[in-house]
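So you can see what is in the structure, the chains are spelled out below.
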Amino acid sequence: MEVKGKVHEVSATQQVTDSLKKRELILEYIENPQYPEYLKFEAIQDRCNLLDNVKVGDDVEVSFNLKGRPWTDKMGKKTYFNSLQLWRITPLAAANNATAAPQYAAPSADISSSADDDDLPF
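Note on numbering: residues in each chain are counted from 1, in written sequence order. Local features in a predicted model are, by the rule used here, given only for residues with pLDDT of at least 70; side-chain atom pairs are given and counted only at 80 or more, and totals for whole chains, interfaces and linings are based on all residues. Hydrogen atoms and water are omitted, and side-chain values are computed over all heavy atoms in the structure.

Draft legend 1. Geometry of the overall build of the chain. Scanning the chain for helices and strands turns up one helix and six strands. Helix numbering and strand numbering both begin at the N terminus, where a helix is a DSSP run of H or I of at least 4 residues and a strand a DSSP run of E of at least 2. Counting helices and strands in the order they occur from the N terminus, the chain gives β-β-β-β-β-β-α. The buried label applies to any residue whose accessible area, calculated with a 1.4 Å probe on protein chains only, is under 20% of its type's maximum; exposed applies above 50%, and partly exposed to all values in between. Residues counted as buried form 21% of the 122 residues belonging to the chain. Partitioning the intrachain contacts of the chain with sequence separation of at least 6 by distance along the chain shows that 50% fall at a separation of at least 24. The protein chains shown are the only cover counted for residues, whose accessible areas, like all others here, come from Shrake-Rupley with a 1.4 Å probe. When the accessible surface of the chain is totalled, it reaches about 9700 Å², and 51% of it is carbon and sulfur. Any pair of residues with heavy atoms lying within 4.5 Å of one another is described as a contacting pair.

So, in C-alpha cells, the structure goes:
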C-alpha cells in the first residue's frame, strides 16, 4: 500500500529488546484539508535507516504493509492491534525534479524571405 503526505515527526531509533529496534514516522495525510489525519508508521530493524535523511516538512510517498494481531490481557479480554510497517519512503520533491523536462531554447531561425527567394515548385 502507498500513501502520500507531509512528514510531521520522525522519532529516534528505539532499542525495544536485544533483538528488536524500531523508529516511528508521523505523516500528515490531508484527504480533507479541514480535518488532516496523522498516520503513525513504524520502521523496524534495518528499515530504521530509511528515515535517516527524512526531515519534518518533506513531502513523501510511503510504501507500507498493514499488519494486525490479537492480544489477550490478564483478565482474558482479547484486543486487536493494527500497525503500518514502512518498507520504502520516496521523497516527492526529488522525484519531481528528476523527472521534470529540461527547458531548452531553440536556435533562432530567420524566416523572413522575399518573393524572389521562393524556389518551391508549388
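Draft legend 2. Spatial organisation of the pairing of strand 4 (residues 37-44). Pairing analysis gives eight bridges linking strand 3 (residues 21-29) to strand 4, with the strands arranged antiparallel. Residue pairing for strand 4: Y29 is matched across the bridge by E37. Strand pairing requires that DSSP identify at least two bridges connecting the strands. In this structure, strand 4 lies alongside strand 6 (residues 78-91), joined through two bridges in parallel fashion. In the sheet register, F41 faces strand 6, and the bridge partner there is L84.

Draft legend 3. Up close: the packing of aromatic side chains. Note on aromatic pairs: the rings of Phe, Tyr and Trp (six-membered ring only in Trp) are paired at centre separations within 6.5 Å, and the planes decide the class, stacked below 30 degrees, edge-to-face beyond 60, tilted for the rest. In this structure the tally under the stated criterion is two aromatic pairs. Judged by centre distance (5.1 Å) and plane angle (65°), the ring pair of F41 and F64 falls under edge-to-face. A residue pair is termed long-range when its members are at least 10 positions apart, and F41 in strand 4 and F64 in strand 5 (residues 59-72) qualify at 23 residues. Overall, F41 belongs to the buried group, its relative accessible area being 1%. We classify F64 as buried; its relative accessible area is 8%.

Draft legend 4. Seen up close, the nonpolar core. The set of buried Ala, Val, Leu, Ile, Met, Phe, Trp, Tyr and Cys residues whose side-chain atoms join them within 4.5 Å is what this entry labels a nonpolar core. Ranked by internal contacts, the top residues of the largest apolar core, which has 14 residues, are L25, F41, L51, V62, L86 and I89. For this core, the elements supplying multiple residues, two or more each, are strand 1 (2-10), strand 3, strand 4, strand 5 and strand 6. The residues touching I89, leaving out its near neighbours within four places in the chain, are L25, L50, L51, V54, V60, E61 and V62.

Draft legend 5. Broad picture of the environment of E24. With respect to the helices and strands, E24 occurs in strand 3. E24 sits in the buried class, given a relative accessible area of 16%. In this structure the C-alpha to C-alpha distance between E24 and L51, which are 27 residues apart in sequence, comes to 8.7 Å. Apart from the residues lying within four places of it in its own chain, the contact partners of E24 are E9, V10, S11, K40, F41, E42 and L51.

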